[in-house]
Amino acid sequence: MAVLRDSKLKRILQWGDVRRRKPGMWAYALNRVTGLGLVVYLYLHLVVLSWLAQGPEAWEAFVALAKTPPFLALDVVLLAGLLIHGLNGLRVTLNGFGIGVRAQKPLFIALMVIAAVASIVGGAAIFFQ
Amino acid sequence: MAIEVPAKVFRYRPGAAPRHETYRVTVPDDATVIDAIEAVWRQVNTLMFRHACHHASCGACAVRVNGYEKLPCIVPVKEALAGRAEIVVEPLRNFPLIGDLVVDVAGFFQKQAASGMVITREAEATLDGRPYQRSETFDDEGKLGERPYTRFENCIECGICLSACPTMAAADKFFGPAGLAAIYRATRPADGAQNKSLLLALADGEQGVWRCHSAFECTEACPQSVDPAGAIMALRRELIARKLKRLFGARER
């Protein structure tokens, strides 16, 4: 019997399709986006650290770049990504232990409010201290 | 009273590119989406779709209505049209597509059969609206007795949860929400599960509960309140407890 199957890529794009979906799906998509972002950051971080081996000039140039507003904004994005991924991961772990399964939606919303507030406070500290 | 419904329907035949076609049908204003699909079929009798009971018991007609998994037999046309210019009807996701709105459910039913039994309602309302007591359903040994009702399946095996599951999108072999919910139900002591260890091993396997990433869309989309995500989390809890006990030297029961 001839059947049609969507391509793997088209199917994987469902991971980010939150249209008309509920908070659990938002949590799922956010965890994937932040997870991929953190993996990319990890490699960027290793590249930046490798500049240490290239002498003081290379490092000083990076430090000057790191103090510019666009770079500081990326720091805030990183902080937000860490908070969203970490706190959402906590929710998934608790649910996996059978804890708070029925409260997964309010738990997600509460944890994301905490992530948002902490990102704003952290962002203010990054820019103004 | 009758209303005119613009219905944008997914069309596909092997060898041709998938497309959407819009049909204008007239149905009674209290009609459901399956009535509108049948009206489309009366216009173009090449339209492939499944339908049987028309009251959410068989699960045959499951499709996506406006992008979300639904049983069209219980979705009023008025509700589906609210705030929209047309109703969009598409087949379930994550299944091989045979044609138009019909997907291949053979693999799904094979997984369902692995649990070895149907999912049984814990409480069914009596004719006077009173939930049956446990003693009316199970005998003294906890075995299912002569049931005072005939409709005893909560899960109607419509496949909606598989379509809604984002993990299913990239993992064909994943046992899936309905299958894991069936395993969970089959391992409940009340049904005297002799195969409990076997079923838990299946749930603990590569394609079992650990593949779920907690999107909870299965439970949200389920038209019969089976709560597959709850069942998956309960299985995880049981498996973790067993692993911890084994770690500390307790013997398997």
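It should be emphasised that the depicted structure is a prediction, and the values quoted were computed from it without experimental measurement. (Residues numbered from 1 in each chain as written. Chains lettered and ligands numbered in written order. Predicted model: local features only at pLDDT ≥ 70, side-chain atom pairs only at ≥ 80, totals over all residues.)

A.B. asks: Sorry if this is basic, but what is going on with the overall build of chain A here?
C.D. replies: For chain A, the helix and strand inventory stands at five helices and zero strands. Reading the secondary structure of chain A in the N-to-C direction produces α-α-α-α-α. Here the C-alpha radius of gyration of chain A, 19 Å, is well above what a compact globule of 129 residues would show, namely 14 Å. Overall, chain A is about 65 × 40 × 25 Å in size when its C-alpha atoms are taken along their principal axes. The buried share of chain A, taken over its 129 residues, is 16%. Excluding contacts between residues fewer than 6 apart, the proportion of contacts in chain A whose partners are at least 24 apart in sequence is 62%. (Helix = DSSP H or I, 4+ residues; strand = E, 2+ residues; numbered from the N terminus. Rg over C-alpha atoms; globule rule 2.2 N^0.38 Å. Buried ≥ 20, exposed ≤ 12 C-beta atoms within 10 Å, placed from the backbone. Contact = placed C-beta atoms within 7 Å.)

A.B. asks: Sorry if this is basic, but what is going on with the overall build of chain B here?
C.D. replies: Along the backbone of chain B there are nine helices and seven strands. Here chain B, with 253 residues, has 42% of them falling under the buried criterion.

A.B. asks: Just to check I follow, could you spell out unusual backbone geometry for this structure?
C.D. replies: In most cases, non-glycine residues show a negative phi, while peptide bonds are predominantly trans. Residues and elements named next belong to chain B. With phi around 60°, F216 is a residue other than glycine that occupies positive phi space. With respect to the element layout, F216 can be found in the loop between α7 (196-204) and α8 (217-221). For D227, which is not glycine, the phi torsion reads 60° and is therefore positive. Relative to the helices and strands, D227 resides in the loop between α8 and α9 (228-247).

A.B. asks: Looking at this structure, how should I read the packing of helix α2 (residues 23-50) of chain A against helix α5 (residues 104-128) of chain A?
C.D. replies: Residue and element names in this part refer to chain A. Where α2 contacts α5, the two axes come as close as 9 Å, and the packing angle between them is 50°. Between α2 and α5, the interaxial angle falls into the category oblique. Crossing handedness for the pair α2 and α5: left-handed. Taken together, the residues of α5 that come into contact with α2 (itself represented by P23, G24 and A27) are Q104, K105, F108 and I109. (Axes fitted to C-alpha atoms, helices over the stretch in contact; angles between N-to-C directions. Parallel < 35°, antiparallel > 145°, perpendicular 65-115°, else oblique. Left-handed = near helix turned anticlockwise from the far one by under 90°.)

A.B. asks: Would you mind showing me how to read the environment of A115 of chain A here?
C.D. replies: All names here are of chain A. Of note, A115 is situated in helix α5. A115 gets classed as buried once you count the C-beta atoms within 10 Å, which come to 22. For the pair formed by A115 and G81, sequence separation is 34 residues and the distance between their alpha carbons is 8.9 Å. When sequence neighbours within four positions are dropped, the list of residues in contact with A115 reads A80, L83, I84 and L87.

A.B. asks: I tried to follow the sheet that holds strand β4 (residues 68-70) of chain B on my own but got confused; where do I start?
C.D. replies: Whenever strands of a sheet pair, they do so through backbone hydrogen bonds, lying parallel or antiparallel. Residue and element names in this part refer to chain B. Taking strand neighbours across the sheet as the criterion, the five strands line up as β2-β1-β5-β3-β4 in an open arrangement whose pairing is mixed. Where the open sheet ends on each side, the last strands, each with one partner, are β2 (19-28) and β4. Between one strand axis and the next, the sheet turns by 35° as a mean value, whatever way the strands run. Against the sheet, helix α1 (residues 33-43) touches β1 (2-11), β2, β3 (63-65) and β5 (87-90), its axis set at about 110° to β2. (Pairing = 2+ DSSP bridges.)

A.B. asks: I'm lost on α5 of chain A in this one. Help?
C.D. replies: Because an α-helix completes one turn every 3.6 residues, residues spaced three or four positions apart along the sequence face the same direction. All names here are of chain A. Under the 1.5 Å per step criterion, the end-to-end length of α5 is 35 Å for 25 residues, consistent within 8% with the ideal 36 Å. Within the span of α5, buried status applies to Q104, L107, F108, A115 and S119. Here the buried face of α5 lies against α2 and α4 (69-96). (Expected span 1.5 Å × (residues − 1).)

A.B. asks: Even after reading the chapter, I still don't get α1 of chain B, so can you show me in this structure?
C.D. replies: Every buried residue of α1 of chain B is listed here: V33, I34, D35, A36, I37 and V40 of chain B. Residues of α1 of chain B that are buried make contact with β1, β2, β3, α2 (77-81) and β5 of chain B.

A.B. asks: Which parts of the structure should I look at to understand the interface of chain B and chain A?
C.D. replies: Interfaces are often sized by the amount of accessible area the parts lose when they come together. On the chain A side, the residues contacting the 25 residues of chain B number 24 residues. For the side of chain B that touches chain A, the leading source of residues is α9 of chain B, giving six residues.

A.B. asks: How should the nonpolar core be read in this particular structure?
C.D. replies: General note: in soluble globular proteins, nonpolar side chains tend to be found buried as a group. All names here are of chain B. Ranked by internal contacts, the top residues of the largest apolar core, which has 75 residues, are A7, V33, A36, V89, C161, L180 and I183. At seven residues, the largest contribution of residues to this core is made by helix α6 (residues 176-186). When we break this core down by domain, the ones giving at least three residues each are domain 1 (2-103) and domain 2 (106-119 + 154-247). (Core = buried A, V, L, I, M, F, W, Y, C linked by C-beta atoms within 7 Å. Domains from an automatic or database assignment.)

A.B. asks: Can you help me understand the domain arrangement of chain B in this one?
C.D. replies: Residue and element names in this part refer to chain B. Considered domain by domain, chain B is made up of domain 1 (2-103) and domain 2 (106-119 + 154-247). Each side of the interface is counted separately: domain 1 has 13 residues, and domain 2 has 13 residues. For the side of domain 1 that touches domain 2, a count of residues per class yields seven nonpolar, three polar and three charged. (Nonpolar A, V, L, I, M, F, W, Y, C, P; charged D, E, K, R; others polar.)

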